[in-house]
Amino acid sequence: MTVSVDDLNLDNYWMPFTGNREFRHNPRFITGAEGVRFIDAQGRKVLDGLSGLWCCGAGHNRPEIAEAVAEQARSLDYAPAFQFGHPQAFLLASRLSAMMPEGLNRVFFTNSGSETVDTALKIARAYWRQRGQPGKSRLIGRAKGYHGVNFGGISVGGIAPNRKLFGSTLESDHLAHTLLSENRFSRGQPEHGAELADELEELVALHDASNIAAVIVEPFAGSAGVIPPPKGYLQRLRAICDRHDILLIFDEVITGLGRCGAPTGAHHFGVVPDIANFAKQLTNGVIPMGAVVVRQEIYDTFMAQGGPDYMVEFPHGYTYSGHPMACAAALAALKIFDDEKLDEQVAAKAGFFEDCIHGLANHPYVQDVRNLGFAGALTLEAYPGEPARRPYEIAMACWERGLYVRYSGDTLQFGPAFVMDTADIAEIFNIVGDALKSA
Ligand code: PLP
């Protein structure tokens, strides 16, 4: 069905994370996609600088995924998620487990990153209770962390505008972020700041480990503007968690499934968490889906404490957990991941991406450049009192020049599709450079 955007009534749709009033004055419609480009309502081809929202790494409109979803819709559109199973969910759980670091092999399906986070936090708290330590309930996140928008996620999340309107949240603490001025313009992981992980020791001293369930971090912070962890930081966090019997949760919703140039951020950084969260890239963005992957011992604890076999061991789940269509999309997406070695493609081109983004270091307004794998961000000098305005203006100038780029806070963010070639990557940064110079 083709709809003329000129005839659209813009009144009823309340857009998420959007300046709704501004959009109505300046609507930007995406009506199609092809490979690594969107097509807008005027028929222009617009380079996709963020794989949608970090989710379409294999490029848009992949026929393999479209066919798998269509076939699934014809053969089994829906099956109840509770008490009954369908084969694709088991196939996908096995497939995903095979991609995980050693030991992470039990998979719980959700429908988004936010649900994945809240599920992981519930698993962590319930795990300690099932082990006879109900006091271990406190959750620790990190400043500048983004863990979605549900109540668990905003409690451990560290982005103030996403928390401040919503009243009291779950009891939680936050480690300091690792965005240090001495690390500005670092390529990849910065040198300074590993010792910031030791703040966890301070929190243990304050609360006692007998009251702490889990620490959750993104391997690199994505939504706050691509903040790679200082060298050694994640290793230190892991060691402290081990010392005090605290679960370590990696929120890999952006870092997982290729973005770092490895199957997961855990592989890339050489640190294995107890629980890992995935979403976005799992279906290449085609159908909403997320997954929490846990160490077998965590799962076994629930099974051991579950009572008679017919009883539910973990009273949690969604009507659409492991939805057949989502499973079909994910299986097809992970086949592409394998066949086209998407993680290796990222690893091979990450150096080129790094050179391109750091080529903007001396452009007007650029105060910092950060990158890792196929992820990068610029921090832009703020208008006095208006940190978010400059990125918005530059992003609009990019859109006019044929590039979709994400702007958030005082940053512009980049996350090309894993399949993007070097000419298109160079084009992204040529357009941004031009927009900055013309601003
Ligand atoms: N966790 C992380 C690390 C994310 O980057 C995001 C989304 O960007 C989420 C959770 C939330 O995902 P969703 O928007 O699918 O709920």
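A quick note: this is a predicted structure, and the numbers were derived from the prediction, not measured. (Residues numbered from 1 in each chain as written. Predicted model: local features only at pLDDT ≥ 70, side-chain atom pairs only at ≥ 80, totals over all residues. Heavy atoms only, no water.)

1. Quick word on the overall build of the chain
Piece 1. Secondary structure summary: the chain contains 14 helices and 15 strands in total.
Piece 2. For the chain, the C-alpha radius of gyration of 22 Å lies close to 22 Å, the compact-globule estimate for 439 residues.
Piece 3. In terms of overall dimensions, the chain has a C-alpha envelope of 65 × 55 × 45 Å along the principal axes.
Piece 4. The contacts of the chain with a sequence gap of at least 6 include a subset with a gap of at least 24, amounting to 72%.
Piece 5. Per element, the accessible surface of the chain, about 19,200 Å² overall, is 53% carbon and sulfur.
Piece 6. Of the side-chain charges in the chain, 38 are positive and 51 negative, and the distance between the mean point of each set is 2 Å. (Helix = DSSP H or I, 4+ residues; strand = E, 2+ residues; numbered from the N terminus. Rg over C-alpha atoms; globule rule 2.2 N^0.38 Å. Contact = heavy atoms within 4.5 Å. Areas by Shrake-Rupley, 256 points an atom, 1.4 Å probe, with all protein chains shown as cover. Lys, Arg positive; Asp, Glu negative; His and termini not counted. Charge placed at Lys NZ, Arg CZ, Asp CG, Glu CD.)

2. Some words on the site of the ligand
Piece 1. Taken together, the residues surrounding the ligand are Ser112, Gly113, Ser114, Tyr146, His147, Gly148, Glu218, Ser223, Asp251, Val253, Ile254 and Lys280.
Piece 2. Within the contact set of the ligand, an oxygen atom lies 2.8 Å away from a backbone nitrogen or oxygen of Gly113.
Piece 3. Within the side chain of Lys280, one N or O atom sits 3.0 Å away from an oxygen atom of the ligand.
Piece 4. Surface burial for the ligand is 83%, taken as the share of its 390 Å² of free accessible area covered by protein chains.
Piece 5. Tallied by class, residues from the shell around the ligand come to 3 nonpolar, 6 polar and 3 charged. (Near = heavy atom within 4 Å. Polar contact = N/O pair within 3.5 Å; in protein donor to acceptor, adjacent residues only side chain to side chain. Nonpolar A, V, L, I, M, F, W, Y, C, P; charged D, E, K, R; others polar.)

3. Overview of the pattern of salt bridges
A side chain with one charge may pair with a side chain of the opposite charge, provided their charged atoms come close.
Piece 1. All told, the structure shown has 24 salt bridges when counted by the stated rule.
Piece 2. The closest approach of N and O atoms between Arg236 and Asp198, which form a salt bridge, is 2.7 Å. Here Arg236, found in helix α8 (residues 233–244), pairs with Asp198, found in the loop between β6 (172–175) and α7 (199–207); they are 38 residues apart in sequence, far enough to count as distant.
Piece 3. Its relative accessible area of 29% is what places Asp198 among the partly exposed residues.
Piece 4. Residues joined by salt bridges that share partners form a network here, namely Arg131, Arg238, Asp242, Asp274, Arg295 and Glu297. (Salt bridge = Lys/Arg side-chain N within 4 Å of Asp/Glu carboxyl O. Buried < 20%, exposed > 50% of the residue type's maximum accessible area, 1.4 Å probe, protein only.)

4. Concerning the sheet that holds strand β2 (residues 37–40)
Piece 1. The 4 strands lie next to each other as β1-β2-β3-β13, forming an open sheet whose pairing is mixed. Each edge of the open sheet is held by one strand with a lone partner, namely β1 (30–34) and β13 (403–404). (Pairing = 2+ DSSP bridges.)

5. Focus: a nonpolar patch on the surface
Piece 1. A cluster of nonpolar side chains, Phe151, Leu165 and Phe166, forms an exposed patch at the surface whose accessible area comes to about 360 Å².
Piece 2. Counting through the fold element by element, Phe166 comes out in the loop between α6 (151–156) and β6. (Patch = residues over 30% accessible without salt bridge, like charges linked within 9 Å, V, L, I, M, F, W, Y side chains within 5 Å.)

6. A closer look at the environment of Ala375
Piece 1. Mapping Ala375 onto the fold places it in strand β12 (residues 375–380).
Piece 2. On the accessibility criterion, Ala375 (0% relative accessible area) is buried.
Piece 3. C-alpha separation for the pair Ala375 and Asn26, spaced 349 residues apart in sequence, amounts to 28 Å.
Piece 4. In contact with Ala375, not counting residues within four places along its chain, are Trp54, Phe220, Val226, Arg259, Phe353, Arg370 and Phe414.

7. A closer look at the state of the cysteines
Piece 1. Tallied over the full model, the rule gives 0 disulfides.
Piece 2. As a non-bridged cysteine, Cys241 has Cys260 as the owner of its nearest cysteine sulfur, 19 Å distant.
Piece 3. Its relative accessible area of 1% is what places Cys241 among the buried residues.
Piece 4. The thiol of Cys327 is unpaired, and the distance to the nearest cysteine sulfur, on Cys55, comes to 18 Å.
Piece 5. Since its relative accessible area comes to 0%, Cys327 is described here as buried. (Disulfide = S-S within 2.5 Å.)

8. Concerning the sheet that holds strand β15 (residues 411–414)
Piece 1. Spatial ordering of the open sheet is given by β11-β12-β15-β14, a layout of 4 strands whose pairing is antiparallel. This sheet does not close on itself; its edge strands, each paired only once, are β11 (366–372) and β14 (406–408). Averaged over all neighbouring strand pairs, the angle between strand axes comes to 20 degrees, with direction disregarded.
Piece 2. Where β14 and β15 come together, 3 bridges link them in antiparallel fashion. Paired with Arg406 across the two strands is Gln413, which belongs to β15.
Piece 3. Contacts between helix α12 (residues 342–358) and the sheet are confined to β11, β12 and β15, with β11 contributing the most and set at about 175 degrees to the helix.
Piece 4. Docked against the sheet, helix α14 (residues 422–438) engages β11, β12 and β15, running at close to 165 degrees with respect to β15. (Axes fitted to C-alpha atoms, helices over the stretch in contact; angles between N-to-C directions.)

9. A few points about the packing of helix α3 (residues 63–75) against helix α11 (residues 324–339)
What describes two packed helices is the angle between their axes and the distance between those same axes.
Piece 1. Where α3 meets α11, the axes come as close as 8 Å, and the angle between the chain directions of the two elements is 155 degrees. When the axes of α3 and α11 are compared, the pair comes out roughly antiparallel. For the crossing formed where α3 meets α11, the hand is right-handed. On α11, the residues that touch Glu64, Ile65, Ala68, Val69, Gln72 and Ala73 of α3 are Pro324, Met325, Ala328, Ala329, Ala332, Ala333 and Ile336.
Piece 2. Of the residues in the contact of α3 with α11, the class split is 11 nonpolar, 1 polar and 1 charged. (Parallel < 35°, antiparallel > 145°, perpendicular 65-115°, else oblique. Left-handed = near helix turned anticlockwise from the far one by under 90°.)

10. Quick notes on α3
Piece 1. In a regular helix each residue adds 1.5 Å, so 13 residues correspond to 18 Å; α3 covers 18 Å between its end C-alpha atoms and thus fits that length.
Piece 2. Here the buried face of α3 lies against α4 (87–99) and α11. (Expected span 1.5 Å × (residues − 1).)

11. Quick look at the nonpolar core
Piece 1. Counting 60 residues, the largest nonpolar core has Leu96, Leu378, Leu412, Phe414, Phe429 and Val432 as its most contacted members.
Piece 2. Other than its neighbours up to four places away in sequence, Leu412 contacts Gly376, Ala377, Leu378, Leu380, Pro391, Ile394, Ala395, Val405, Arg406, Tyr407 and Val432.
Piece 3. In this structure, Ile140, Val215, Ile240 and Ile246 belong to the second largest nonpolar core, which totals 37 residues. (Core = buried A, V, L, I, M, F, W, Y, C linked by side-chain atoms within 4.5 Å.)

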